[in-house]
Amino acid sequence: MDILETITANKRREVARQKQAVPLDLMLSMSSQRLNTATVSMRRSLESSASGIIAEFKRRSPSKGRLHPGAKVENILPAYEQGGASACSVLTDSDFFGGSFGDLRKARSLVKLPLLRKDFIIDEYQLYQSRVLGADAVLLIAASLTEDDCRIFAQTAKQLDLETLLEIHSDDELSYMNEFIDMVGVNNRNLGTFHTDVENSFRLIERLKAEAADVLFVSESGISDTASIIRLREAGFRGFLIGETFMKTAAPGDALSDFISNLEGR
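These lines cover the structure that appears in this document, whether it is placed above or below.

Rules and cut-offs
Residues numbered from 1 in each chain as written. Predicted model: local features only at pLDDT ≥ 70, side-chain atom pairs only at ≥ 80, totals over all residues. Heavy atoms only, no water. Helix = DSSP H or I, 4+ residues; strand = E, 2+ residues; numbered from the N terminus. Buried < 20%, exposed > 50% of the residue type's maximum accessible area, 1.4 Å probe, protein only. Contact = heavy atoms within 4.5 Å. Areas by Shrake-Rupley, 256 points an atom, 1.4 Å probe, with all protein chains shown as cover. Lys, Arg positive; Asp, Glu negative; His and termini not counted. Charge placed at Lys NZ, Arg CZ, Asp CG, Glu CD. Core = buried A, V, L, I, M, F, W, Y, C linked by side-chain atoms within 4.5 Å. Pairing = 2+ DSSP bridges. Right-handed = clockwise from strand over helix to strand, strands pointing away. Axes fitted to C-alpha atoms, helices over the stretch in contact; angles between N-to-C directions. Phe/Tyr/Trp six-rings, centres within 6.5 Å; stacked < 30°, edge-to-face > 60°. Parallel < 35°, antiparallel > 145°, perpendicular 65-115°, else oblique. Left-handed = near helix turned anticlockwise from the far one by under 90°. Nonpolar A, V, L, I, M, F, W, Y, C, P; charged D, E, K, R; others polar.

Of the regular secondary structure elements, the protein holds 12 helices and 10 strands. Over its C-alpha atoms, taken along the principal directions, the protein stretches across nearly 50 × 40 × 35 Å. Within the protein, the proportion of its 266 residues that are buried is 56%. For the protein, contacts bridging at least 24 residues in sequence account for 69% of all contacts bridging at least 6. Carbon and sulfur atoms make up 46% of the accessible area of the protein, which amounts to about 11,400 Å² in all. Placing the 32 positive and 38 negative side-chain charges of the protein at their respective mean positions leaves the two points 5 Å apart.

Encoded structure:
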């Protein structure tokens, strides 16, 4: 069993416990105000941004271990917003990434930027959960879903006014595209082995342009320098998800601000 399979199996057990503890009907009845609150378009934010950076909040990862174990949303998310992020990604997986539902809920109360709930979505229940927690967009990982599930989840997300970022790693997964997807992200990190190579985005961009021209393209993981951003933008990407580069520093917001200043100076 590879890392992704381990995480997905754990997530199925976790979601089953959540559904038992807080059934969907109960969750929705307790959260009507949140469901009626307008979401913020992550796609439009990236389209109109000069940098297109999706700054990520995470405390650790299976591949890199502890990045910033004591990180607090209230210290980092407002600094990301002030530093020029176009959107923020918030990890809500606890066991493997050190995140929590509280992180996303608190982030929503602190910033006006579009928020991506980054987790392993394997059940429609999590989409309603995401909306209640304050997400504007959700991540759908092709490698952990069937094509049918991906389509159903993307359609449900659309009905909930959530945008979807479909994550792929290879051109074989382009078949997961459907009319409800808003953005497609190329993960430069193989979720089975966690090997990272930014060139993966360049390998897939022409296929993306040919087969998914109506969506916005995002490059994810392994981006650590402004030269990579410039090359990726020239190739056709408009969003750039960056986590480790910022979160491994003492002040992620300052690291983001410096990164964008260097980008604008090139």
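In this structure, Leu77, Tyr80, Leu208, Phe237 and Phe246 are the most contacted members of the largest nonpolar core, which totals 61 residues. The leading source of residues in this core is helix 12 (residues 252-264), at five residues. Discounting chain neighbours no more than four positions away, the residues touching Phe246 are Ile53, Ala55, Tyr80, Pro252, Ala255, Leu256 and Phe259. Residues Ile7, Ile54, Phe97 and Leu216 belong to the second largest nonpolar core, which totals 18 residues.

Moving on, we get to the pairing of strand 9 (residues 216-220). Among the five residues that make up strand 9, five are buried, leaving the element largely enclosed by the rest of the structure. With burial as the criterion, each face of strand 9 is covered, one bearing Leu216, Val218 and Glu220 and the other bearing Phe217 and Ser219. One ladder, built from five bridges, connects strand 8 (residues 183-187) with strand 9; its direction is parallel. Looking at the pairing, Val184 lines up with Phe217 of strand 9. Here strand 9 runs beside strand 10 (residues 239-242); their pairing, made up of three bridges, is parallel. In the strand pairing of strand 10, Glu220 is matched with Leu241. Viewed along the sheet, the connection from strand 9 through helix 10 (residues 226-235) into strand 10 turns out right-handed.

The next thing to look at is the sheet that holds strand 9. Sheet architecture is closed into a barrel: eight strands sit in the order 1-4-5-6-7-8-9-10, paired in parallel fashion. Pairwise comparison of adjacent strand axes, ignoring direction, gives a mean angle of 25° for this sheet. Together, strand 1 (53-57), strand 4 (87-91) and strand 5 (115-118) form the strand contacts of helix 6 (residues 101-110), whose direction differs from that of strand 5 by roughly 175°.

Applying the stated criterion to the full structure yields four aromatic pairs. With a centroid separation of 5.7 Å and 85° between ring planes, the pair formed by Phe246 and Phe259 is classed as edge-to-face. Residue Phe246 is located in helix 11 (residues 244-247), and its partner Phe259 is located in helix 12; the two are separated by 13 residues in the primary sequence. With respect to class, Phe246 is no different from Phe259; both count as buried. Each member of the aromatic cluster is reached from another via a ring pair, and the members are Tyr80, Phe246 and Phe259.

Moving on, we come to unusual backbone geometry. In this structure, Asp161 takes a positive phi of about 65° despite not being glycine. Looking at the secondary structure, you find Asp161 in the loop between helix 8 (147-159) and strand 7 (163-168). At Ser221, a residue that is not glycine, the phi angle is positive and equals roughly 80°. Mapped onto the fold, Ser221 is located in the loop between strand 9 and helix 10.

Attention shifts here to the pairing of strand 1. For strand 1, a buried count of five out of five residues is recorded, marking the element as mostly surrounded by other parts of the structure. What you see with strand 1 is no split at all: Ile53, Ala55 and Phe57 on one side and Ile54 and Glu56 on the other are buried throughout.

Where helix 5 (residues 73-83) meets helix 12, the closest approach of the two axes is 8 Å, and the angle between their N-to-C directions is 15°. With respect to their mutual orientation, helix 5 and helix 12 come out roughly parallel. The interaxial crossing formed by helix 5 with helix 12 has right-handed handedness. Contacts between helix 5 and helix 12 involve Ile76, Ala79, Tyr80 and Gly83 from the first element and Pro252, Gly253, Leu256, Ser257 and Ile260 from the second. Class assignment of the residues belonging to the contact of helix 5 with helix 12 gives a composition of six nonpolar, three polar and no charged.

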